Amino acid sequence: MGYHLAFLFFALFTMLVLGVPIAISLAGACLMFVLITGQVPNIVVAHRMINGIDSFPLLAIPFFIFAGSLMNNGGITERIFNFAKALMGWMRGGLGHVNVGASIVFSGMSGAAVADAGGLGMIEVKAMKDAGYDEEFAVGITAASSTIGPIIPPSLPMVIYGVMASASVGQLFAAGLIPGLLMGAMLMLMIFIISRRRGYQRDAVFSMRVLGHTFKRAFLSLMTPIIIVGGIITGAFTPTEAAVAAVFYALLLGVVVYRTLTWRKLLKVSMETIETTAVILFIVSSASIFAWILTSNQVTQNVIALMGPFADSKFAVLMMANIVLIIVGCFMETIAAITILVPVLLPMAVAVGVDPVHFGVIMVLNLMIGLLTPPVGMVLYVLSRVSNVSFERCMRGTMPFLIPLVICLLLVTFIPAISMWLPTLIYR
């Protein structure tokens, strides 16, 4: 069986290197494994794929994607940015702080880093370039701040992790709130340091009149994260129901209140949502076969046995998990990485006493940092396209902001209370 498992990993790795889509690579490698071993009938592959997406929490995915796209196309992001500028633009390196603040607010709506980078990113980078900021600095902080999106609820990666790990999505959402705010604070500290070194000044004079005006214009938009996060935390509705509520609220704002959403835009957003959802669910369904094979062949137990004395050390297991996740995040898309690695890493973490909810925050935070690193670096590619800045310059501008993000990762990893205090308070 060891040879068969080696063949499984070899086939998967070979197809990924050849550029075969991740979902097809997973399903194809698993199908070949089943055919070679003859352990179970071939129909089990299809059965496992169907069962893998037969989950109520997964219904949140298309609705959160749809809600985020509606807000990006409905003029909501611009109102949020203007309010953040009035609130935070008076600080040294003002638009950098505004960038982070706007991302924190928007993260309570979309739940995806790429949506933040593609929606707010265009507005933020243009505003910073027009104000005289260095292009690399503008793109770097925009990329780094977009990673807050999947940490602060709602979060698409958290939903996927919750399904794969059989963990409470509500608890995962609550666990991400404080780490997400910590990420924002650490990034703002780095902005202050860089701004002092480069002589960046304030970009606005604080004015209660301007703040009040922008708050009034953005008030209904700012209610979106309050409705979503507040409803989940108070138990008014489940994360899936919160996603549906977000869609209805985004439609209300875009169609009735702001009147910025046309039928053409709605059709475009709907088709994009269908395509994105299909890709994600195809990956999840394919990964469910992979997870079943690893579990039924006791791969995790064998890995723990190979680790020997390190298997009993929480510090060693978490450090190893962080290293593996950072490396995988450099090469693999977030959803795919979660679906593949949860069956391998989570049992090891649980064996040394790590809470599955805590480990979920660690995993997602690691993979968000991976979005900023080559060779994949999805956020960098998106920002390079919308800002007309080369990928290499985007990467250079992002490097300084990896420091606060890694520090935040280590704090969240080795101080469980940062992520576990809120879900413990609410749910336990």
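Computed from a predicted model, the values in this text were never measured in an experiment.

Draft legend 1. Broad picture of the overall build of the protein. Across its full length, the protein holds 20 helices and zero strands. For the protein, buried positions account for 54% of its 428 residues. Across the protein, contacts joining residues at least 24 apart in sequence account for 80% of those joining residues at least 6 apart. In the form shown here, the protein has an accessible surface area of approximately 17900 Å², with 70% of it arising from carbon and sulfur atoms. Taking the 22 positively charged and 16 negatively charged side chains of the protein as two groups, their mean positions are separated by 10 Å.

Draft legend 2. How the structure looks around the pattern of salt bridges. The tally for this structure, following the rule as stated, stands at five salt bridges. In this structure, the salt-bridge partner of Glu135 is Lys129, at a minimum N-O distance of 3.2 Å. Taking relative accessible area as the criterion, Glu135 reaches 24% and is therefore assigned partly exposed. Two residues, Glu136 and Arg393, come together in a salt bridge whose shortest N-O distance is 3.3 Å. Residue Glu136 is found in helix 8 (residues 135-146), and its partner Arg393 is found in helix 19 (residues 391-414); the two are separated by 257 residues along the sequence. Beyond isolated ion pairs, a larger network of salt bridges with shared partners links Lys129, Glu135, Glu136, Arg393 and Arg396.

Draft legend 3. Local environment of the side chain of Thr142. Along the chain, Thr142 falls in helix 8. Side chain to side chain, Thr142 and Asn99 meet in a polar contact 2.7 Å long.

Draft legend 4. Quick peek at a nonpolar patch on the surface. Together, Phe215, Phe219, Leu220, Leu252, Val255, Val256 and Val257 line one region of the surface with nonpolar side chains, adding up to about 540 Å² of accessible area. Elements represented by at least two residues in the nonpolar patch include exactly helix 11 (208-234) and helix 12 (239-257). Among the elements that line the nonpolar patch, the one with the most residues is helix 12, at four residues. On the secondary structure map, Val255 appears in helix 12.

Draft legend 5. How the structure looks around the environment of Leu346. Looking at where Leu346 falls in the secondary structure, it is placed in helix 16 (residues 334-351). The exposure class assigned to Leu346 is buried, which follows from its relative accessible area of 9%. In the structure, Leu346 is positioned 34 residues away from Asp312 in sequence and 14 Å away in space, judged by C-alpha atoms. Excluding anything up to four places from it in sequence, Leu346 contacts Tyr161, Ala165, Leu341, Pro356 and Phe359.

Draft legend 6. Region of the structure containing the layout of surface pockets. Of the pockets and cavities examined, the second largest pocket occupies roughly 470 Å³. Taken together, 15 residues form the lining of the second largest pocket, with Leu12, Phe13, Leu16, Val328 and Met332 sitting closest to its centre. Put simply, the parts of the chain that give the lining of the second largest pocket at least two residues each are helix 1 (2-17), helix 14 (299-307), helix 15 (314-331) and helix 16. Residue composition of the lining of the second largest pocket, grouped by class: 15 nonpolar, no polar and no charged.

Draft legend 7. A look at the side chain of Ser145. Looking at where Ser145 falls in the secondary structure, it is placed in helix 8. Relative accessible area serves as the criterion here: at 0%, Ser145 is assigned to the buried category. At 3.1 Å, the side chain of Ser145 forms a polar contact with the backbone oxygen of Thr142.

Draft legend 8. Layout of the confidence of the model for the protein. In this model, the protein carries an average pLDDT of 83, and 93% of its residues clear a pLDDT of 70 or more. Taken element by element, the predicted model of the protein shows its lowest mean pLDDT in helix 14 (65) and its highest in helix 17 (residues 356-370) (93).

Draft legend 9. Molecular detail of the nonpolar core. Judged by nonpolar contacts, the single largest core of 134 residues is most densely connected at Ile160, Tyr161, Phe359, Met363 and Phe401. No other element matches the twelve residues that helix 16 contributes to this core. With near-sequence residues (within four places) excluded, Ile160 lies in contact with Leu58, Ile61, Ile280, Val284, Ile335, Ile338 and Thr339. Grouped together as the second largest cluster of nonpolar side chains are five residues, Phe83, Leu211, Ala218 and Leu222 included.

Draft legend 10. Broad picture of the packing of aromatic side chains. Counted according to the given criterion, the structure contains nine aromatic pairs. For the ring pair Phe137 and Tyr200, a centre distance of 5.1 Å and an interplane angle of 45° mean the geometry is tilted. Linking Phe137 in helix 8 with Tyr200 in the loop between helix 10 (169-198) and helix 11, this pair joins segments that are 63 residues apart in sequence. Under the relative-accessibility criterion, Tyr200 is labelled buried at 11%. With 5.9 Å between their ring centres and 50° between their planes, Phe137 and Phe401 make a pair best called tilted. Here Phe137 is found in helix 8, whereas its partner Phe401 is found in helix 19, with 264 residues between them in sequence. Across this residue pair, the class does not change: Phe137 and Phe401 are buried. Members of the aromatic cluster, connected to one another through ring pairs, are Tyr133, Phe137, Tyr200 and Phe401. Cation over ring: Arg79 sits above Tyr258, and NZ or CZ is 3.7 Å from the ring centre.

Draft legend 11. Examining the packing of helix 18 (residues 378-387) against helix 19 more closely. Contact geometry for helix 18 and helix 19: axes closest at 9 Å, N-to-C directions at 120°. Relative to helix 19, helix 18 is oriented oblique. In this structure, the crossing between helix 18 and helix 19 has a hand that is right-handed. Residues Leu380, Tyr381, Leu383 and Ser384 of helix 18 form the contact with helix 19, whose own contacting residues are Phe391, Cys394, Met395 and Thr398. Of the residues belonging to the contact of helix 18 with helix 19, the class tally is six nonpolar, two polar and no charged.

The rules behind these values
Residues numbered from 1 in each chain as written. Predicted model: local features only at pLDDT ≥ 70, side-chain atom pairs only at ≥ 80, totals over all residues. Heavy atoms only, no water. Helix = DSSP H or I, 4+ residues; strand = E, 2+ residues; numbered from the N terminus. Buried < 20%, exposed > 50% of the residue type's maximum accessible area, 1.4 Å probe, protein only. Contact = heavy atoms within 4.5 Å. Areas by Shrake-Rupley, 256 points an atom, 1.4 Å probe, with all protein chains shown as cover. Lys, Arg positive; Asp, Glu negative; His and termini not counted. Charge placed at Lys NZ, Arg CZ, Asp CG, Glu CD. Salt bridge = Lys/Arg side-chain N within 4 Å of Asp/Glu carboxyl O. Polar contact = N/O pair within 3.5 Å; in protein donor to acceptor, adjacent residues only side chain to side chain. Patch = residues over 30% accessible without salt bridge, like charges linked within 9 Å, V, L, I, M, F, W, Y side chains within 5 Å. 1 Å grid on protein atoms, 1.4 Å probe; cavity = no way out; pocket = protein on both sides within 12 Å on 5 of 7 lines; lining within 4 Å. Points joined across faces, edges and corners; volume = space filled by probe spheres on them. Nonpolar A, V, L, I, M, F, W, Y, C, P; charged D, E, K, R; others polar. pLDDT = per-residue confidence, 0-100. Core = buried A, V, L, I, M, F, W, Y, C linked by side-chain atoms within 4.5 Å. Phe/Tyr/Trp six-rings, centres within 6.5 Å; stacked < 30°, edge-to-face > 60°. Lys NZ or Arg CZ within 6 Å of the ring centre and 35° of its normal. Axes fitted to C-alpha atoms, helices over the stretch in contact; angles between N-to-C directions. Parallel < 35°, antiparallel > 145°, perpendicular 65-115°, else oblique. Left-handed = near helix turned anticlockwise from the far one by under 90°.

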